[in-house]
Amino acid sequence: QVQLVESGGGLVQAGGSLRLSCAVSGFTFNNYGMGWFRQVPGKEREFVASITWTGGRTDYADSVKGRFTISRDSAKNTVYLQMNSLKPEDTAVYYCAKAGRPWRAVMTLSDGGSWGQGTQVTVSS
């Protein structure tokens, strides 16, 4: 059974940092691209960052480039999102996603095969 469990969200002041974690199980982690998305009430879930199955390539939404870093640890079956210089507009529920097929990146909603339950990030001004 595929499971993705996010953690690390919380309340932080603008300019601060948070690190989100997504611990996964139930599939061969090294075969799947992983990603982070976020959603605010009333809006569609949007892409934040993606990392390939090897970790050799990362992609970011323009809004987070230079501030967020996605990484993965194969020994821990975990993907991370380091968020620095946070802004109030980063406030959202953040979701971890696994690609729907092996050897594929996940950069759009349709690419996502499995999702975590989400973790709330709130940035105060």
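Please read these numbers as outputs of a predicted model, since none were measured by experiment. Just so you know, the residues in each chain are numbered from 1, in the order the chain's sequence is written. Totals for whole chains, interfaces and linings use all residues, but because this is a predicted model, local features are given only for residues with pLDDT of at least 70 and pairs of side-chain atoms are given and counted only at 80 or more. With hydrogens and water excluded, all non-hydrogen atoms of the structure serve as input to the side-chain values.

A. Representation of the pattern of salt bridges. Salt bridge, as applied in this entry: a Lys or Arg side-chain nitrogen positioned within 4 Å of an Asp or Glu carboxyl oxygen. Under the criterion given, the structure shown has 5 salt bridges. For glutamate 46, the salt bridge identified is with arginine 38, shortest N-O distance 2.7 Å. With a relative accessible area of 38%, glutamate 46 lands in the partly exposed category. Burial classes: relative accessible area under 20% of the type maximum marks a residue as buried, over 50% as exposed, and values in between as partly exposed (1.4 Å probe, protein chains only). Under the relative-accessibility criterion, arginine 38 is labelled buried at 6%. One salt bridge connects aspartate 90 with arginine 67, and the closest N-O pair in it is separated by 2.7 Å. In this pair, aspartate 90 sits in the loop between β8 (78–83) and β9 (92–99) while arginine 67 sits in the loop between β6 (58–60) and β7 (68–73), placing the two residues 23 residues apart along the sequence. Residue class for aspartate 90 comes out buried when judged on its relative accessible area of 1%. Residue classification places arginine 67 among the buried residues on the basis of a relative accessible area of 10%. Through salt bridges with shared partners, a single ionic network connects Arg38, Glu46, Arg67 and Asp90. Secondary structure is summarised from DSSP: a helix means a run of H or I of at least four residues, a strand means a run of E of at least two, and numbering begins at the N terminus for each.

B. Spotlight on the nonpolar core. Put simply, buried Ala, Val, Leu, Ile, Met, Phe, Trp, Tyr and Cys residues joined by side-chain atoms within 4.5 Å make one nonpolar core. Judged by nonpolar contacts, the single largest core of 33 residues is most densely connected at Met34, Trp36, Leu81, Met83 and Tyr94. Going through the elements one at a time, β3 (18–25), β4 (34–39), β5 (46–51), β7, β8, β9 and β11 (119–124) are the ones with two or more residues in this core. In terms of residue count, the dominant contributor to this core is β9 (5 residues). When residues no more than four places from it in sequence are discounted, the contact partners of tyrosine 94 are Glu6, Leu20, Trp36, Phe37, Arg38, Val48, Phe68, Leu81, Met83, Gly118, Thr119 and Val121. Whether two residues are in contact is decided by their heavy atoms, any of which lying within 4.5 Å being enough.

C. Structural view of the side chain of serine 21. Here serine 21 shows up in strand β3. Judged by relative accessible area, serine 21 falls into the buried class, the value being 17%. The residues contacting serine 21, other than those within four sequence positions of it, are Val5, Glu6, Ser7, Trp36, Thr78, Val79 and Tyr80.

D. Summary view of unusual backbone geometry. The phi angle at asparagine 77 is positive, at roughly 50°, despite the residue not being glycine. Of note in this structure, serine 85 is not a glycine but carries a positive phi near 50°. Relative to the elements of secondary structure, serine 85 occurs in the loop between β8 and β9. Overall, serine 85 belongs to the partly exposed group, its relative accessible area being 42%.

E. Representation of the sheet that holds β3 in the model. Spatial ordering of the open sheet is given by β1-β3-β8-β7, a layout of 4 strands whose pairing is antiparallel. Looking at which strands have only one partner, the edges of the open sheet turn out to be β1 (3–7) and β7. Neighbour-to-neighbour, the strand axes of this sheet turn through a mean angle of 15°, independent of strand direction. In this structure, β7 lies alongside β8, joined through 6 bridges in antiparallel fashion. Paired with phenylalanine 68 across the two strands is methionine 83, which belongs to β8. The rule for pairing is simple: two strands pair if DSSP sees at least two bridges between them. Axis angles are defined between N-to-C directions and span 0 to 180 degrees, where every axis is a line fitted to C-alpha atoms and, for a helix, only to the segment in contact.

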